[in-house]
Structure formats: structure tokens, C-alpha cells
Number of protein chains: 4
Amino acid sequence: MNRPWSTTDPTRAYCTVRQRTEALAAPLGPEDQVVQSMPDASPTKWHRAHTTWFFEEFLLGSDPAYTPVDPSFRYLFNSYYEAVGERQPRPQRGLITRPTVDEVAAYRRGVDAEVIALLEHGPHQLLELGLHHEEQHQELLLMDAAHLLALNPLRPAYDPSGPHPSAPDGGAGGGWIDVAGGTIEVGHDERLEDVGFAFDNEGPRHAVLLAPFRLSDRLVTCGEWSEFIGDGGYRRPELWLSDGWAAVRSEAWDAPAYWRQVDGAWQVTTLAGERPVLSDEPVVHVSYYEADAFARWRNVRLPTEFEWEAVARDRWGCAAEQWSGAVWQWTASAYLPYPGFRPAPGTVGEYNGKFMVNQHVLRGGSCATPEGHSRPTYRNFFPPQARWAFSGVRLANDGNAAT
Amino acid sequence: MNRPWSTTDPTRAYCTVRQRTEALAAPLGPEDQVVQSMPDASPTKWHRAHTTWFFEEFLLGSDPAYTPVDPSFRYLFNSYYEAVGERQPRPQRGLITRPTVDEVAAYRRGVDAEVIALLEHGPHQLLELGLHHEEQHQELLLMDAAHLLALNPLRPAYDPSGPHPSAPDGGAGGGWIDVAGGTIEVGHDERLEDVGFAFDNEGPRHAVLLAPFRLSDRLVTCGEWSEFIGDGGYRRPELWLSDGWAAVRSEAWDAPAYWRQVDGAWQVTTLAGERPVLSDEPVVHVSYYEADAFARWRNVRLPTEFEWEAVARDRWGCAAEQWSGAVWQWTASAYLPYPGFRPAPGTVGEYNGKFMVNQHVLRGGSCATPEGHSRPTYRNFFPPQARWAFSGVRLANDGNAAT
Amino acid sequence: MNRPWSTTDPTRAYCTVRQRTEALAAPLGPEDQVVQSMPDASPTKWHRAHTTWFFEEFLLGSDPAYTPVDPSFRYLFNSYYEAVGERQPRPQRGLITRPTVDEVAAYRRGVDAEVIALLEHGPHQLLELGLHHEEQHQELLLMDAAHLLALNPLRPAYDPSGPHPSAPDGGAGGGWIDVAGGTIEVGHDERLEDVGFAFDNEGPRHAVLLAPFRLSDRLVTCGEWSEFIGDGGYRRPELWLSDGWAAVRSEAWDAPAYWRQVDGAWQVTTLAGERPVLSDEPVVHVSYYEADAFARWRNVRLPTEFEWEAVARDRWGCAAEQWSGAVWQWTASAYLPYPGFRPAPGTVGEYNGKFMVNQHVLRGGSCATPEGHSRPTYRNFFPPQARWAFSGVRLANDGNAAT
Amino acid sequence: MNRPWSTTDPTRAYCTVRQRTEALAAPLGPEDQVVQSMPDASPTKWHRAHTTWFFEEFLLGSDPAYTPVDPSFRYLFNSYYEAVGERQPRPQRGLITRPTVDEVAAYRRGVDAEVIALLEHGPHQLLELGLHHEEQHQELLLMDAAHLLALNPLRPAYDPSGPHPSAPDGGAGGGWIDVAGGTIEVGHDERLEDVGFAFDNEGPRHAVLLAPFRLSDRLVTCGEWSEFIGDGGYRRPELWLSDGWAAVRSEAWDAPAYWRQVDGAWQVTTLAGERPVLSDEPVVHVSYYEADAFARWRNVRLPTEFEWEAVARDRWGCAAEQWSGAVWQWTASAYLPYPGFRPAPGTVGEYNGKFMVNQHVLRGGSCATPEGHSRPTYRNFFPPQARWAFSGVRLANDGNAAT
């Protein structure tokens, strides 16, 4: 997948990304855009406003003469930047019914005009970060909308063509990709001219030593997951991490999120509405705990993020193997800084580093990820109990293990 | 105050009440109408739909041939009628972004047409209950909107002329009304022809024995409340019930709800926006605990509901004394059934009786109460920690006590 | 029942009560005496120390020259007297493993010696209050021990002869006692010479007006309660107050506290260990919610505290009717001050008045109540969800109602 | 440090370890031994019983003819072995006042006799695991006792000579130990004859690739920590991980656990009682979040567990550098399985693997660790917010970084 924009034409890039956000919000009415379905999720309206605030704060605001559109927005739409100041508490983002959705649209237009004017004077060093940031929120917007609508007993569709991972055309054969191991370089190499953008957490590039391993050439499917359920997967503590089993009990998990049984058959609520689960589509909306338990049930394991990267970088374009475009893939790696990692100085240094605890890395990219947004070094991350991301599973095993 | 409708013309009465609800919702956008600001509050949209469901369930639904507008609404918009079946859990009313506000408006119109057609065939015994029920929700709609908007850091106004209790024209002198005591009749007498409607909890009429007492001829004012604050009212445990003091500590109360200090002066957020507190307006949005502590600070007490009724029935029309039209007035009486009270048979019997524990009675009526909705026997009720009702204080004392 | 002590001999009275506490604690080892089984309960050791602190604070401490045994005990063993100062938070009473049980015993002996010396100089006005206070804690000690031991999977007995309500000798016939109603005097009359001690909340004596009513001549039995269970009593929301039904669901109640089914038969864990439920013994350890639901199931109601008092004062000695000595009896009356009630000035004024909200009155006295401690005007009180008191049910009904 | 026992003499080893547990419990009375101070801690009595149950279940119980001392103990004293069956919920371990402390002592003696008899017939493969397991609980016993006693306002001492990390004799100079990096072997090598016991989580031994780095030759001291506090360390969000800052706010942390300010000077409550903080003693009872924030404040970082191991294995005996014997040292490494790790088959396989999420590795060993229990490959682990372990900090940095 190629990114549909390039910073060689900053204005065009800016408009492309900004318009895509608006297009994603379009199927949602004002009611849908304002409600917060859980503390981890944010209202659509908030995503639209926050991404705008990011440009206002970090691009427009770098001019000391700049007058904010509305000073209160700095409080309302800051996400977590401590250096910017106090902000609306995250669990209370759904209480802000004003500004209205229309007023937020106007806020977007106002900032857009200013940013476009700014870009006419030349490139801005934080423009690219701002665009990638907004693309991240595009996926969050879809995740959060899916969570909200699935809680509605009416199970309304976001859009009849709403994204959901599908079985690949000419899917891979379900075999293992064997890798000999050895010392490899991982991470983003910022010294290279042509590598393009990467977030700070993808570097520094460094060498790691891998033992021989194998990686599945496809994702775990819903059919396989149904077998896991049928074999008592959610009722057998020996398959689970201790914290995972506690989650199974307290959350009453018995299937992936958004699944339910109707007349003995599994149905799934997707952004396109509710429909039967299909056996050959990749399983999605499972937690790290579930991914880990499934692997244990199969007597294999999850890949580390470096095993994953070592294989994916060479096969990234292989659609049949679904390295991206279907689901984010849980890895066995905790989300920690790479050797030598230092956050950028200043406020934007809060972007990634301060979340490096209590989370696991996911690699790949999903059906909800903007085209061209991901890459083999990309490190997504969520807490192990999270299920509302488009998260699925690719299995791995030791190189010399029987499967 | 006279009620602006009468069931002698059922269709007109129905239309009058139904249109008033729509008028109250009009200043609120779709965003405002869908969010639930706390578990005790409900979204505007839900009030509009629930009052409609009440007519559909209990009037239209009494015809076995009736086909519901949407079968799922029975689940979504039932409030607490166990006999009707399962329902959307109360704390999750704010998750239902669909049906949209427009769809709820259409639901209202659809049911209205059916009810009007039904009423052409003659009166329905539950029509009057349905109209009083909807009037109760009109006040709840305003309470809930006030709560939601006050949580917004922007403090938006519901309406520049939104209701708030004001100082009375020609206010009473702040003296005591002395009552000799003795045996009096209280409660609604359903045997009388001309008494009009009352809820089941207002009867049976019965005799009670009162000792001599006195009642203030006016409400406690914000000026008096400021003195209470200034005298350490919120910092002195000896003034408080034990549970009240626990609430002061856990909720960090230091003034009535919606008050805050700006540059050393008290401001209040009302439905008309934020403005300075006025000394001679009645205090509002205080809990029972606060009302009780204030009375103790003044070395007097709150009236019982029968003391209140004994005086109010004879002075109900005296606007200067604000028996109604300003604030609901906390009484010392727990909300319990009157002797001989039996709920009505069937589902509507769940209307009042099952809430008769853990609450205190408020008497009177507020600036947010529909005109003509209240009466001297009316029993409103809230838990002792509730502050989002338009609740204030009238003081009482023993007849022979020095004040 | 006659009180086994009299303040005509203060020293003997003091020693009698104090020794009884020690006798009650004797079957409990140091482990049992230190653990707090829930925030509402207190460790045995704490009861022993707190009752001692009461005498130290209010009798010995009234002498300015008095030196406390240990200044920290004022913090550790104050229960809720705000005027005395900060104190160990109630839910953390079980963390105080020091002073040890032996050290608390020594504290008791030390204070006892001082109090006895004090009493030799003449009576102390707070002695009687202190003794009644300690008797209240004697019952709490048994309630709390029963709660703790019942949580132990081993279900150990406190004592083979531990108290539990039993069927009366020559039990009453299960008929109604009819009362004509009218104006009666209730409450403790402190003007009478011979009435003896009463707590402040039992007065002032005052007149109330009662409609005709009837009261059962016996308590509800376990056999009747089993019928209630068998008839779906815990599964039918129409029988319950709304808050009660919420408690049934959240607490998973399906029988009185300490009952469980073993091989299809109900067992009860008592202070004497676990044994089968007996049909003709009074039901005990039920909440107000359960008492109220049972009465509704029987199409009757609970008595008010004044109906109860009007009958009990004349039949107090009738053991067959179990007005006292078996279980405390829930009344329909909220725990509120009597007309004209004013707490005593000073710290002891915190004794009763500040708890007059969110509770219901129980009348009578239980098998765990010290002999002679109760009387017809006695007002015990607990929140409506409490089940660990020795609380049971006597039914009432309107005088002209069919049963 | 050498281990004071060897399995070459199994009976003597068994008796040595078992007696040490009893010696550690001796300063604690029955009250201290039964209370559970928080859900993460366990009562002393429970530790004494659980370690006994471990031998009963896994050694004695492997004989099908064995009759348990008390069948209920299997329920009461199982910690987390799902394969063994249901068990007393962890947060409720403090409710089990029976069996008493004396009865638990008798349980220990009874099992000891049986185990000693068993060992006379030859070695048992799980004996060594059982002894190391009991040594782990010896440290937990001290941690839990310290937590309990520190919550007591009296701040009682466990023992005047209770362990607490002290400044080293001839402490190291506070310089960096520079390491060139490269490929090294880490973990326990079970193929070696002479390496002795290790837990399953310490292997398999494998190669890792390290960049150049440096490690401090001493631990962070209380004096340094006081500077951190004085420089606003607990008030500056930019120093903290996001989850760490949330913990600072919600837990109101302003210093290490068990510190408080008295008259402007820091005091610390230790197992030997409360005393002033000493500048040159190692800081202890800090969370991972605090360790990480401290390192960021110093512009350095925490070591990975492999960096730590690479240095410590060669300097293990250097008491001046305090690799062990003072505090466990937080590492930047999440607690995850080593490549190729597979839990042992059967119930004991639940020992370590199922906790490999949401925790960080600590290396070294503390003043509370039994002599000889630790080693350079030892992997201790706690959640990042835990502070009741004897956890402290050794700093690291990149090899080419200026400090």
C-alpha cells in the first residue's frame, strides 16, 4: 500500500488527510459523535477537535502572535500533554456537548485556513507528525464508533461498507515460514535518505540476536477460534496467564468482543452491522490474554516483535499473507524503549515514550488503518486486556519445535 | 397557579402537555439531548421517548390488536416497570445514540396520532396519569439539562430565560407562622368530587396529631446560606448528620451545587448561564444533609411533611411566601406509605410505592415545575444526598421553643 | 427480664457489666478477636478497648488531672466522637494488631481500678450511660463474631451454647392482636420517678394518633420463610422495594444470612455451629428489605414503631409472644427524632442523634441482648440492607383489613 | 553468601529451612499473624500453613495412600494452583481466624514428621523446589509484616534487629562500570553439573546482544532520593511514565513507602521501628514508577535485566557494591519468558510462567532474602506500582552517553 499523500506537496497532503477524517465522521450523526462509550474511548467529535487542536497548538501556536480560535479549546481538546497544562479529564470527554458538532466542524475549517496559509510560507517541521497523528486518530475514531454502536441493543451499522478484516484473496496455505535466526537489524533507520517518516518509538535502529524460529504464513481465523471455544478455551484456566484468567472471570468473556450466539450460531457485530461469523476470515477484537491462551492451546506461541519484523519486512507486499490491511497482530513483546531511545525535547516528546509500561506491542496494520500509514517497523501498543482495537493473531514457534 | 389543561377536553389536554415537552427540548441540540451526565440523570431524548412509551404501553397497548411502532422501544424506553420486562439499564441510557433525536421526534408524532385517534372514541382511564407523568419528566428534563450543562467548563446556558428561583415580589417578612397543633387531616381525599387528580402516594387521607409548631413565612435565602458558609458550615462536623458529614468529605462539598467562587465572590451556574449569587433569592440545589445542617446551625429544624401541609393548604396562593413556584422544600419526613396505602393493581402500581425507602419528602413545587402540576398534598421525594433537584429550605421549630 | 445490676450499687453494677464483656470474649482466641470481617463490623478486641475508652474519656477524663493510660488509645479506640478528635478510620479497625489482646485486657484492668476508685467518691452522672453503652457493645460483639465465623469455610462454633433465637415455650397461637387505635402516649417519660434509664432517642414522650390495627402474636418462623423461598420470594421483583430488589441482585440473596442448602435441605450457621434450620424457630438475620417483601407476599405489612410499642408495653412479660429475647423486629418506621428531641449538650450528644437518617427502627430485643437491657420504648436502628443484627419479623395489618 | 543447607543431606536441609520460618514468625503474636493488611499481602499464619501445604500436596500427596492432616486445608492454603482445585480467595485470607496459630504450628509439626519419614526412604524430586519455595515465603512474610506494622499508628517494631538495607562497609565510589557490549550468554544453564538449583523462569540459557553500556557500582541512596524529592520529583509529571504519574496522584505518593516527615525531617518505619532516614543507606520500598522517574530525573536510565546479569555474575561477591543483600533492583525489563521457555508439565508448571505479564523483573536480592537463596540469574518480579517489596534502584546508562 502506498500512502495517498506526500509532504513534497504539504498543502495537498494536509488537505488529503484532513478531508479523510471528515469523510470518516460523515456516517455518524451528532448523537453518535458526542457520546463516550467507555473511559478508553473518545467521542468522534473529540477526535475531530483534538486533531485540529494538535495543529493549532504545535504549528500555529509556535507563532507567539497567534490568537487561538477559542482559548477554552486548549483545555477541552488537549489529550495528555502535561506541558500544555490542565485538560478535560479523559473519562469526561463525553460530557462536553458544546461546542456542538457543527461548531467543531467550523473549528476545523478555521484552523485549516490558517494552516494552509502557514504552509504557503514553507514547510513546517511538525506537519508530518501532525498528519500521522491524525491518521492514528482516524483508526481510533473507527474503533470507538464500533465500540459505541455494538453496545446499542439495535446494533446499528456505521456504514454498509464499514471496514472489517476479510479472508485474503488466494490466502496463504497455513504453513510455517522458517527463519534461521542470527543477528539482524531492527527498527527505523533515520540515517537513511529514503525511509520516510517513522515515530520516535521505532528507533534507534539496532541489532538483535534471534534464535531459529518459524512464523505462520497467515492469520488465525474465526473457524480456528470457534474450535478453541468449542474445546473449552474460555473455561480452562491452565491455558491462561493468571491475569488473563482473572479477566475471563470478571468480564465474563466467552468469545471475541462483538460476538454473540444466536440460535446456536455465532454472530459478529461489525461496522457494517451484525452478520454470521465466517470461518475463513481472520479473528479480530481479541485481547493479548486471549491471543496468548489460543497459542498455548495450540502448543505454540506468539512471535516477538523482532521475529515479526524480521519476516514482515521482506514479505510486506504479500497480500495473501495479510501482514497489514487486516488486523494488528499481538506480539509477545512488552512495549519498551529501544536501546538508546530518547524522547524528543519539548512537548511533543510526550508523544510515545511515557506509555512504555503495562502494554504489549502489536505489529502490522488493520482494515481500519489508513492506507500507507503503517510499515514493518511500526509499533502499535495496547494494554493486554484491550479488545476494541482491530487486533488479531499470527502464531509463531521455536525453530526446532514440532508443531 | 391553575393547570393549563383539563381532562374535560382530553385531546386538547394531551396536545397541550405533549407540545410543552417539545418546547422544553427545543433549546437543546442533538448532542445535548443524548448524553447522560450521571446515573441518576437521563438524556433529554430518553425523557421524550420514555413519556411516549408510557402512552404507547398503557393506553395504546391495552388494545391487544395494537402493533408497536418499534418492538425494541419497549426495551429501550421502559424506565423501571418490572412487570413489562427487561429494559436498558439505567446507567446506560446515554449509550443509545440510535434512535436519533429526529427518530424520537417521529416516534412521538406517530404515537400522538394514535392516541388522539383513541381519545376520539372516549376517555381513557390512564390518560390523566400519563399527562401528570409527562409533567414530572418535564421537570426532570430541566434538572438533567442543568446538571449536564453545569459540568461543561464552558458553562453554556440552556436558555437566557431558563427557570431559576427568584426572590418573591413583596417577599414575606421572615417571621414565624405559629400553629397551635392538634389533630388534623392530611393527604388527598379521593372521596371528594372536586379535588382533582392526585398520585396514589398522596393518600389515603388520614388524621395526624401535631404538637404546636411554627413555620417560617419564607424560604432560606442565598444570603443566609453565604453566612452559613462563612461561619464554617461545611467544616464543622457537629452540625451534620453522620452520613451527611461523610458526604461533605467524600464529595468535597463547600457550597450548594453549581456554586463556585470567582475572585472571592460566589457565582452560580443556572439554566440561563453563570452569574453572581443574589442575596435575596432562595437557595436551591442543596441536599437534605445540607438543609438539615443549616437548620441545626440556626438552632431550629426542618418541618415534617404534615406540619408543612397543615400550613400550606391554607396559604397556597400566597406568592410572597413561595409555597410553590420557587423550590421544592425538604421535610424532616422520610418517604413512607400513609396508613392504609395500597398500590394500584397491575403494572402502574409500580409507580410510587416501590420507592418508599431511603428517601425524604419534599413539598411545594419549583420554578421548573409545570404550572398547575403541584398541590398542597403533593409528595416529591429524593435521596438525602441528591442536589440536582430544584430543592431548597423552609425552616420550622417547636411551638414553645425560643428561636 | 430484670436487669442484673442497679446503679444503687455503682461499683457492683460496674463490675457486673465489665465482667460480662470479658466472659463473652472468653471463647474467642486472639486471632478471632483482632480480625474485622467487614467495614460495618469491629474486632472483639476493639469492642473491649472502645468500651474501656468510653469510661476513660467520659468518667476519668472529666478530671483535668487525669493522665491517660496511653495517649494513643484516644485515637485508636474512639468510635465516632468528632468532638474528641481524629480517630482510626472505621474500616481499618482490623489493622491494629497492637496493642495485643493481652494488652487490651491490661488496659481494661487499669481503667477498672481507676473507675472503681472514682466511684468510691460517689456516683458519676455518666456511669449509667457507660454501662448501657457497654451492653450495646456486648450484643455487637456477638453479632460481629457470628459474622466473622460464618465467613470461615470451617464454620467454627463460637460456643456450643452460643445464643440463637429459639421457638418459644408454649408459643402463641399465630393469631392477631386487635387494637382499636386512638391517641396514645409513646416514648420514655423522664418525668416519672420509677422509669429507670433510657437513651435520649426514646424521648420526649409524646402523643400519636393510631388508626385501628392488628399485630401478630408471634414472630415469623423459619418454616414460613422456607415457604416464601419456595414460592419464588427471592425471584419476584413485584414483592420488593426497588432498592431491595437491587440488593437481591447485587448481593445474590436467596435466603436469610448464614443459610445455605446442603443436599436440598437448609442449614444455618449459628454461634453454636452449623445445623439444620428448624421450622418453628423465629427467622433471624433478615434485612428490612426482606422483612418488607415477606409481608407483601403475605398481603400484610410491617408495624410502625408506635403500633409495636402500643401493644408491647402491655404484654412485655409474655414470653410466649417473644416481644424480647428472641429477635429485634423491623418496623416500618424510619429512624427519626421524636418531636422536641434535642441531643444532650457536649460530646455525649453525638450518641444517637447524628444517625437519624437512612435507617429503620427495630423494636424488642434479641437472644444476644443483655438481660434487662431492653424495654418497650427502646429504639434500635440499622440500615435497611443490614442482615448481621439478630433481626427478625413480626407482622401487622390494618385493623379493618382481611388477612 | 553460601546457602546454609544442601540437598546432599535432605533431612537436615528440610529441618533447617522449616525452622528458619518458625524463627521468623516468632516475634509476631497471634494477632499479628492472622491479619491481612491488603489483598497483595498474606497473613504470617497463612505463609506458615501454605508452605506446609506445598510439602503435603506435592511430596506426601504423591503417595495415593496418603491421608491429609485436614482435607479443608487443601482449600484454605492453596495459593493459586488451579489444577489442585478451588481455594480461599486471596483477598480473604485474613478472614480465616481458625485454624489458630497454634493449630497451624501443629500442622507444621505433623507434616514435618511425615516428610522426614519420607526422606528416609530417599530423596524426593520436589524437595528442593519446596525448600526454595519456602524461602521465597520467608521474604514475603517479612515484607507483609513490615506492611502491616507500618499501618499501625503505634508503628511497633517487628524486632529491634529486624532487617533493613544498610550502607555498605567500604561502599563503592559511585562510579560507572563500563561494559563493551557484544553477544553474551544469560540465564541458568541446566546442562552444567555444578550450577545448582534454579527456578524454571531462569532458563533456558541463551545468547543476547548488548550495546555498550555502563552500570553504577552502587545503589541509589536515601540522600539522593531526598534531593529528588526536594527538586519536586513527585510533583513534575514530565519525569514520569503516564501510568506512574496516575499512581502518584491517586496514591498521593510524595516519598518512598514508610517515609513520613516529622518536624521537617524524614523518618522511616522499618522492621526495627521508626527512626530517621540515613543519607548513605540505599533507598528501599520504591515502585518501578519511582525508580524510572528517578533515573529520568538524573538523565540516565534503569538497566535491562541482561545488562545487570552481565555485570553482576562477575562481581557477585563484591559486598561493597551490594549486588545482593541490600535491595532488589528494578530493571527496565518486563517479566517475559526466555526463548524456548516451557513450563514443567503438571501442577508445578503453574509456578512461574503464568505470571509473565504486567510485571517488571528485579534482580539481586535483599536484606530480607534468605542467605544463599539468590544468584545472578535469579528473576524476581513485581507489578510496577508495588512498593512493599525490599525494592531499590541501581542506575545504568548507554555506553557512549555523557553522564
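Residues numbered from 1 in each chain as written. Chains lettered and ligands numbered in written order. Predicted model: local features only at pLDDT ≥ 70, side-chain atom pairs only at ≥ 80, totals over all residues. Heavy atoms only, no water.

A few points about the interface of chain A and chain B
Right, so step 1: On the side of chain B, 30 residues touch chain A, which itself brings 30 residues to the contact.
Right, so step 2: Together, A:Glu31, A:Leu95 and A:Arg98 form the three largest contributors to the area buried by chain A at its contact with chain B, with a combined 33%.
Right, so step 3: Summed over the shared surface of chain A and chain B, the number is 2 salt bridges.
Right, so step 4: The partner of A:Arg98 in a salt bridge is B:Asp32, and the shortest N-O contact between them spans 2.8 Å. (Contact = heavy atoms within 4.5 Å. Buried area = accessible area lost by both parts, 1.4 Å probe. Salt bridge = Lys/Arg side-chain N within 4 Å of Asp/Glu carboxyl O.)

Notes on the interface of chain A and chain D
Right, so step 1: Facing 30 residues of chain A, the contacting portion of chain D comprises 30 residues.
Right, so step 2: When the buried surface of chain A facing chain D is broken down by residue, A:Leu209, A:Arg342 and A:Val357 rank first, second and third, together holding 23% of it.
Right, so step 3: Remark: the boundary between chain A and chain D carries 2 salt bridges.
Right, so step 4: Residue A:Asp398 pairs with D:Arg342 through a salt bridge whose shortest N-O separation is 3.9 Å.
Right, so step 5: Across the chain A-chain D interface, the total number found is 8 residue pairs in polar contact (both at pLDDT 80 or more). (Polar contact = N/O pair within 3.5 Å; in protein donor to acceptor, adjacent residues only side chain to side chain.)

Let's talk about the sheet that holds strand S12 (residues 396-398) of chain D
Residue and element names in this part refer to chain D.
Right, so step 1: Pairing is antiparallel in the open sheet, where 3 strands are placed in the order S1-S4-S12. The strands lining the two open edges of the sheet, one partner per strand, are strand S1 (176-179) and S12. Pairs of neighbouring strands in the sheet enclose a mean axial angle of 20 degrees, with direction left out of account.
Right, so step 2: Seen against the sheet, helix H10 (residues 305-315) touches S1, strand S4 (213-216) and S12 and runs at an angle of roughly 60 degrees to S4. (Pairing = 2+ DSSP bridges. Helix = DSSP H or I, 4+ residues; strand = E, 2+ residues; numbered from the N terminus. Axes fitted to C-alpha atoms, helices over the stretch in contact; angles between N-to-C directions.)

Comments concerning the domain arrangement of chain A
All names here are of chain A.
Right, so step 1: For chain A, the assigned domains are domain 1 (10-150) and domain 2 (161-403).
Right, so step 2: For domain 1 and domain 2, the distance between their C-alpha centres works out to 28 Å.
Right, so step 3: Opposite the 27 residues of domain 1 that make contact, domain 2 presents 24 residues.
Right, so step 4: Summed over both partners, the interface of domain 1 with domain 2 buries about 2,300 Å², with 69% contributed by carbon and sulfur atoms.
Right, so step 5: Among the residues of domain 1 in contact with domain 2, Tyr80, Glu139 and Met143 are the three that bury the most area, contributing 26% of the side total.
Right, so step 6: Taken together, domain 1 and domain 2 are joined by 0 salt bridges.
Right, so step 7: For the pair domain 1 and domain 2, the interface holds 11 residue pairs in polar contact (both at pLDDT 80 or more).
Right, so step 8: Among the elements of the structure, helix H3 (44-58) and helix H6 (127-151) are those that each provide at least two residues to the side of domain 1 that touches domain 2.
Right, so step 9: Ranked by residue count, the leading element in the side of domain 1 that touches domain 2 is H6, at 15 residues.
Right, so step 10: Grouping the amino acids of the side of domain 1 that touches domain 2 by side-chain chemistry returns 15 nonpolar, 5 polar and 7 charged. (Domains from an automatic or database assignment. Nonpolar A, V, L, I, M, F, W, Y, C, P; charged D, E, K, R; others polar.)

Section: the sheet that holds strand S5 (residues 259-262) of chain C
Residue and element names in this part refer to chain C.
Right, so step 1: Ordered in space as S5-S6-S7, the 3 strands form an open sheet in which the pairing is antiparallel. The sheet is open, and its two borders are formed by S5 and strand S7 (273-276), each paired with just one other strand. On average, each strand axis in the sheet is tilted by 35 degrees relative to the strand beside it, whichever way the strands run.
Right, so step 2: Inspection of the sheet shows S5 paired to strand S6 (residues 265-270) by 4 bridges, in the antiparallel sense. Paired with arginine 260 across the strands is glutamine 267, a residue of S6.
Right, so step 3: Strands in contact with helix H7 (residues 222-230) are S5 and S6; relative to S5, the strand with the most contacts, it is inclined by about 70 degrees.

Remarks on the relation of the copies chain A and chain D
Right, so step 1: Mapping chain A onto chain D leaves a residual RMSD of 0.0 Å; the transformation is a rotation of 180 degrees accompanied by 0.0 Å of translation along its axis. Put plainly, the chains are arranged around a two-fold axis.
Right, so step 2: Of the residues that chain A buries at the interface, 100% are likewise interface residues in chain D, meaning the two copies contact each other through the same surface. (Least-squares fit on C-alpha atoms with pLDDT ≥ 70 in both.)

A closer look at the confidence of the model for chain A
Right, so step 1: On average, residues of chain A carry a pLDDT of 95, and 98% of them reach 70 or more.
Right, so step 2: For this predicted complex, the interface score ipTM comes out at 0.96, while the overall pTM is 0.96. (pLDDT = per-residue confidence, 0-100.)

What to know about the pattern of salt bridges
Right, so step 1: The final tally for this structure, using the stated rule, is 112 salt bridges over all chains.
Right, so step 2: The partner of C:Arg87 in a salt bridge is C:Glu82, and the shortest N-O contact between them spans 3.0 Å.
Right, so step 3: The partly exposed category is assigned to C:Glu82, whose relative accessible area is 23%.
Right, so step 4: A salt bridge links D:Arg18 to D:Glu134, with the nearest nitrogen and oxygen atoms 2.9 Å apart. Linking D:Arg18 in helix H1 (residues 10-25) with D:Glu134 in helix H6 (residues 127-151), this pair joins segments that are 116 residues apart in sequence. (Buried < 20%, exposed > 50% of the residue type's maximum accessible area, 1.4 Å probe, protein only.)

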